[in-house]
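Working through the structure, step by step
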Amino acid sequence: MSLLFVTTNAGKVREARDYLDADVEQFDYDYAEIQSDELAEIAARGARESFEAAGGDEPVIVDDSGLFVGGLEGFPGPYSSYVEDTLGIERVWKLAEDLDDRAAAFRSVVAYADGETVETFTGEVPGRIVAPRGTGGFGFDPIFEHDGETFAEMDTAAKNAVSHRGRALASLADWLAERE
Ligand code: ITT
Ligand code: NA
């Protein structure tokens, strides 16, 4: 099957291609992200809107994700993209550096829309904020450590095997397989 991944972020598409047994094409479109604390609501609305914007004849997926730092009350959370663009990951590290507890989590909601149904799939991975290490991945990967390695130190397959996005994509893949 083929899927259009509606996103401005090529890193997300690379991971989905590596993971899914489907032909994944990027549709580089910035869907309206509603102001909400709920990633699932943002993603579901985005998928519905994007399906129409993409022409309405191919199933689409969107991914809304974020980094949640426990000691910063979940910041930057749903605002992760804005915070990456404005503060940058080095300053997020600086904010976390003096915390007693640097536990964090990445969360991702992948939403699928095909004109008939909208389904959401979630994934989460625990980790902690560290000084930047590694050159792979994208976004906050250099400051997110899981099992002794930052996501930027892992290759795509290793990251997918444990990541928030990998877990959400696994649920999507199961659901798609059941439907066939
Ligand atoms: P689209 O909305 O166009 O898909 P985006 O990058 O703006 O692209 P989000 O709105 O979902 O995506 O924002 C997610 C933010 O969290 C953004 O700053 C990403 O770089 C970051 N992020 C998401 N998943 C990540 C991952 O696996 N590793 C590192 N950073 C990640
Ligand atoms: Na975005």
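What counts and how
Counting of residues starts from 1 at the beginning of each chain's written sequence and follows it residue by residue. Written order decides the labels, with chains lettered from A and ligands numbered from 1. Reporting of local features is limited, given that this is a predicted model, to residues whose pLDDT is at least 70; pairs of side-chain atoms are given and counted only at 80 or more, and all residues count toward the totals for whole chains, interfaces and linings. Side-chain figures throughout are based on the complete set of non-hydrogen atoms in the structure, without hydrogens or water. UniProt positions are given in the numbering used here, feature names are shortened, and annotations may be inferred rather than shown by experiment. Put simply, DSSP marks the helices as runs of H or I at least four residues long and the strands as runs of E at least two long, and each gets a number from the N terminus on. Radius of gyration here is computed from C-alpha atoms only, and the compact-globule reference equals 2.2 Å multiplied by the residue count raised to the power 0.38. When a residue's accessible area, from a 1.4 Å probe over protein chains only, is under 20% of the maximum for its type it is buried; when over 50% it is exposed; and in between it is partly exposed. By definition in these notes, contact holds between two residues if any of their heavy atoms fall within 4.5 Å. Here, Shrake-Rupley sampling with a 1.4 Å probe gives the accessible areas, and only protein chains in the shown set may cover a residue. Charge convention: Lys and Arg are scored as positive, Asp and Glu as negative, and His as well as the terminal groups of each chain are ignored. Note that the charge is assigned to NZ on lysines, CZ on arginines, CG on aspartates and CD on glutamates. Nine residue types can take part in a nonpolar core, namely buried Ala, Val, Leu, Ile, Met, Phe, Trp, Tyr and Cys, and a core is a set of them joined through side-chain atoms within 4.5 Å. A cutoff of 4 Å decides nearness: a residue is near a molecule or strand if any of its heavy atoms lies inside that distance of it. Polar contacts here mean pairs of N or O atoms no more than 3.5 Å apart (in protein, one a potential hydrogen donor and the other a potential acceptor; neighbouring residues in sequence count only if both atoms are side-chain atoms). Residue type decides the class: Asp, Glu, Lys and Arg count as charged, Ala, Val, Leu, Ile, Met, Phe, Trp, Tyr, Cys and Pro as nonpolar, and the leftover types, Gly among them, as polar. In this scheme, a helix's expected span is set at 1.5 Å multiplied by one less than its residue total. When DSSP finds two or more bridges between a pair of strands, those strands are recorded as paired. Two rings from Phe, Tyr or Trp (for Trp, the six-membered ring) form a pair when their centres are within 6.5 Å of each other. A pair whose planes differ by under 30 degrees is stacked, one over 60 is edge-to-face, and the rest are tilted. Ring-over charges, as used throughout, are those where CZ of Arg or NZ of Lys falls within 6 Å of the ring centre and within 35 degrees of the ring normal.

The protein chain appears in an unreviewed UniProt entry as RdgB/HAM1 family non-canonical purine NTP pyrophosphatase from Halarchaeum salinum. The UniProt entry for the protein chain carries this comment under Sequence similarities (unreviewed entry): "Belongs to the HAM1 NTPase family."

Digging into the overall build of the protein chain
Check the secondary structure of the protein chain and you find 6 helices and 7 strands. Taking 2.2 N^0.38 as the reference for a compact globule, 180 residues should give roughly 16 Å; the C-alpha atoms of the protein chain span a radius of gyration of 16 Å, in line with that estimate. By principal-axis analysis of the C-alpha atoms, the protein chain measures approximately 50 × 30 × 25 Å. Here the protein chain holds 180 residues, and 46% of them are scored as buried. Intrachain contacts of the protein chain at a sequence separation of at least 6 include 55% that bridge at least 24 residues. When the accessible surface of the protein chain is summed, it comes to about 8800 Å², and 43% of that surface belongs to carbon and sulfur atoms. Side-chain charges in the protein chain split into 15 positive and 38 negative, and the spacing between the mean points of these groups amounts to 5 Å.

Some details on the nonpolar core
The biggest cluster of nonpolar side chains holds 17 residues, and the ones touching the most others in it are L67, F106, I129, F140, I143 and F144. Sorting the residues of this core by element identifies β3 (60-69), α4 (89-97), β4 (103-113) and β5 (118-129) as the ones contributing at least two each. Top contributing element to this core by residue count: α4, with 4 residues. In this view, I129 contacts L67, V69, W93, A96, R102, A104 and I143; residues no more than four positions away in its chain are not counted. In terms of nonpolar packing, the next biggest core, distinct from the first, is built from 15 residues, L3, V24, L169 and L176 among them.

What to know about the site of ligand 1
Near ligand 1 lie 19 residues; those nearest to it are T7, T8, E84, D141 and K159. K159 has a polar side-chain atom sitting 2.7 Å from an oxygen atom of ligand 1. Look at ligand 1: alone it shows 610 Å² of surface, and the protein chains cover 95% of it. Elements with a contribution of two residues or more to the shell around ligand 1: β3, α3 (80-86) and α6 (164-179). Taken together, the residues of the shell around ligand 1 sort by class into 3 nonpolar, 8 polar and 8 charged.

Observations concerning α6
With 16 residues, α6 extends 23 Å from end C-alpha to end C-alpha; this agrees with the ideal 22 Å at 1.5 Å per step. Buried residues in α6 make contact with β1 (2-6), α1 (10-19), β3, β4, β5 and α5 (156-162).

Remarks on the side chain of D141
Position of D141 among the secondary structure elements: in the loop between β5 and β6 (144-146). In terms of polar contacts, D141 uses its side chain to reach the side chain of K159, at 2.9 Å. Those residues in contact with D141 that lie beyond four places of it in its chain are F106, G136, T150, F151, A152 and K159.

Considerations on the pairing of β5
In the sheet, β4 pairs with β5 via 11 bridges, with the strands oriented antiparallel. Pairing of A103 across the sheet is with R128, part of β5. Hairpin connection between β4 and β5: a loop of 4 residues separates the two successive antiparallel strands, and G115 in this loop has a positive phi of roughly 90°.

Focus on the packing of aromatic side chains
Using the criterion set out here, one finds 6 aromatic pairs in the structure. Look at Y112 and W175: their rings are 5.1 Å apart centre to centre, the planes differ by 65°, and that puts the pair in the edge-to-face class. In this pair, Y112 sits in strand β4 while W175 sits in helix α6, placing the two residues 63 residues apart along the sequence. Between F144 and F151, the ring centres sit 5.0 Å apart and the planes meet at 55°, which makes this aromatic pair tilted. Accessibility classification places F144 together with F151 in one group, the buried group. Three or more aromatic residues link up through ring pairs in this structure, and these residues are F106, F144 and F151. Cation over ring: R107 sits above F68, and NZ or CZ is 4.3 Å from the ring centre.

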